[in-house]
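Listed below, chain by chain, are the residues.
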Amino acid sequence: MGETLSARPLIDGARAGRSASGPCFGTVLGFLAAFRRDPLGFLSESWHAYGDAVEIRFRFPSHWRSYMFFDPEAARHVLQENHRNYAKGIVFQKLKRIAGEGLVFSDGELWRRQRQLIQPTFHRERIAAMADMMVDTTAAALARWSDAATGRPFDLAAQLSKLTLEIVSKALFGTSLGAEQDDFAAAVTAALEYANHVTNHFFTPPLFVPTRANRRGRDAIGRIDRIVWKIIEQRRREGSARHDLLGMLISARDADTNTAMDDKQLRDEVVTFLVAGHETTAVALSWACHLLSQHPEIEQRLHEQIDAAIGSTPPALAELNAVPYARMVLEESMRLYPPVWATIREARAEDQVGGFCVPAAATVTVSPWITHRHPRLWEDPERFDPERFTPERSAARPDFAYFPFGGGPRGCVGRQFAMIEGQIILTMIAQRFRLHDIAGDVIPDPILTLRPRNGLPMRLEAR
Ligand code: HEM
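Residues numbered from 1 in each chain as written. Predicted model: local features only at pLDDT ≥ 70, side-chain atom pairs only at ≥ 80, totals over all residues. Heavy atoms only, no water.

## So, helix H1 (residues 28-37)
Among all positions in H1, only Val28, Phe31, Ala34 and Phe35 are buried. On an axial view of H1, the arc spanned by its buried residues comes to 130 degrees, and they lie on one face. Contacts from the buried residues of H1 go to strand S2 (23-25), helix H2 (39-50) and strand S3 (53-58). (Buried < 20%, exposed > 50% of the residue type's maximum accessible area, 1.4 Å probe, protein only. Helix = DSSP H or I, 4+ residues; strand = E, 2+ residues; numbered from the N terminus. Arc of directions from axis to C-beta. Contact = heavy atoms within 4.5 Å.)

So this is what it looks like as structure tokens:
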């Protein structure tokens, strides 16, 4: 797994700073150019060169600072202990163009109120009630894959993305979007590409400026909105409560004021779930399938456990516990390839992190990509070994040694949903197919999420 270090030095344009704790760049643009060239390489090289805490300085403006922290204690401090001091900051601000004030992007009092309203919607029992839908949707997709792909190469990453979007839209709206599903999927994919574009560029003109990228972004958002608004309006007209996520969001009431969400907030939350709730899960499953195809002995072990515990019948929710290896494979895949590979925050006030003084307004990055490979925490870290995730070994690990879902109050609200969905899909794929990766070296592409670059061409062999 040599891709963690790039051959070309990424921080060679940086001047040695006054202390040995990190590089100094001429401007923020110089830093962003170096970072964008190879984000994972930049993180790795910085970590190897400077250790667990890296301070990035700039000659102009000279008071600006950016920090990267790679040990679990620092991640816990920033995401949990002193989370109030850390706002989502500029990157998330830009993404508001797409998902407005949805839960991932909002901050302060609005976020707190919305999280309180939304959290109960994601209780395990409520998600459990959706397990049958996840199984049925996966079964239909796998039947299509069998027809289209057994023995012939096809892009498994694209298919997984389609499947997880269908599952999250059914969870939200109660039914599939029927004839509109394909257009909706294409619009969500285009919106994600636009999100990548705005996060990758320092200066991006506001959405109303008719650049090529903005026109595409506006078109994608318009197509999503048309469908989402139609569904919200239809629900309002019906008036009766439904038990899908949208129904729960509509009937949720603020504990203090007893008020419901207005339509604009509902729209923002729905779009946020659609975007945050499918790509990440598809990416996690793509890497799990890739790793299984590279490790036939581990794939074999998974097949044996599934055959012994549930055979070829679709897994009921209660049976997922009988196939712990599927969960362990998924967790180990997210250790090596965390779909959200870095989390960025902006300090509201000065703080101490890992012995460093972080000034107000500095950006702070924590990265599971590095922490999940820290040799102090993980023996032989590059080895794919699901046995690391037995309950005993997981319990013995320090907090935030493993944090693919983030952590603290802003940790992933869809975690249970994603784990149940991921285990169901992985188990059902393993029941049906043996996986053969035909891409050779699959390179992670750290855009918003850690997708496999150029997809995941696979050959599926029927078992
Ligand atoms: C394997 C799949 C997933 C991964 C790896 C993942 C990862 C994450 C991470 C790292 C965060 C924290 C981001 C930060 O601190 O800035 C987060 C937040 C969030 N995720 Fe997920 N997620 C996954 C699946 C889902 C699903 C299925 C949903 C919804 C159906 C979802 C909805 C959200 C929301 C709404 C937030 C914002 C929570 C808040 O700020 O209060 N995620 N996710």
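## So, a positive patch on the surface
Residues Arg212, Arg215, Arg216 and Arg218 make up a contiguous surface patch of positive charge. Summarising the element assignment, Arg218 is placed in helix H10 (residues 212-238). (Patch = residues over 30% accessible without salt bridge, like charges linked within 9 Å, V, L, I, M, F, W, Y side chains within 5 Å. Areas by Shrake-Rupley, 256 points an atom, 1.4 Å probe, with all protein chains shown as cover. Salt bridge = Lys/Arg side-chain N within 4 Å of Asp/Glu carboxyl O. Lys, Arg positive; Asp, Glu negative; His and termini not counted. Charge placed at Lys NZ, Arg CZ, Asp CG, Glu CD.)

## A closer look at the packing of helix H8 (residues 156-173) against helix H18 (residues 415-432)
Across the interface, H8 lies against H18 with an axial gap of 12 Å and an inter-helix angle of 135 degrees. As the angle between them shows, H8 and H18 are arranged oblique. The chirality of how H8 crosses H18 is right-handed. Packed against H8, whose contacting residues are Leu160, Leu163, Thr164, Ile167, Val168 and Ala171, the element H18 presents Phe417, Glu421, Ile425 and Ile429 at the interface. (Axes fitted to C-alpha atoms, helices over the stretch in contact; angles between N-to-C directions. Parallel < 35°, antiparallel > 145°, perpendicular 65-115°, else oblique. Left-handed = near helix turned anticlockwise from the far one by under 90°.)

## Some remarks on the nonpolar core
When a protein is soluble and globular, its nonpolar side chains tend to lie buried together. Met134, Trp145, Leu156, Leu274, Phe417 and Ile429 are the most contacted members of the largest nonpolar core, which totals 125 residues. Counting residues in hydrophobic clusters, the runner-up holds 16 residues, among them Tyr67, Ala74, Leu79 and Tyr86. (Core = buried A, V, L, I, M, F, W, Y, C linked by side-chain atoms within 4.5 Å.)

## So, the pairing of strand S10 (residues 363-366)
In S10, alternate side chains face the same way, and those of Thr363 and Thr365 on one face and Val364 and Val366 on the other are all buried. With 4 bridges joining them, strand S4 (residues 65-69) and S10 adopt parallel strand pairing. Pairing of Phe69 across the sheet is with Val366, part of S10. Bridge count for strand S7 (residues 343-347) against S10 is 4 bridges, and the pairing is antiparallel. What sits directly across from Ile344, in S10, is Thr365. (Pairing = 2+ DSSP bridges.)

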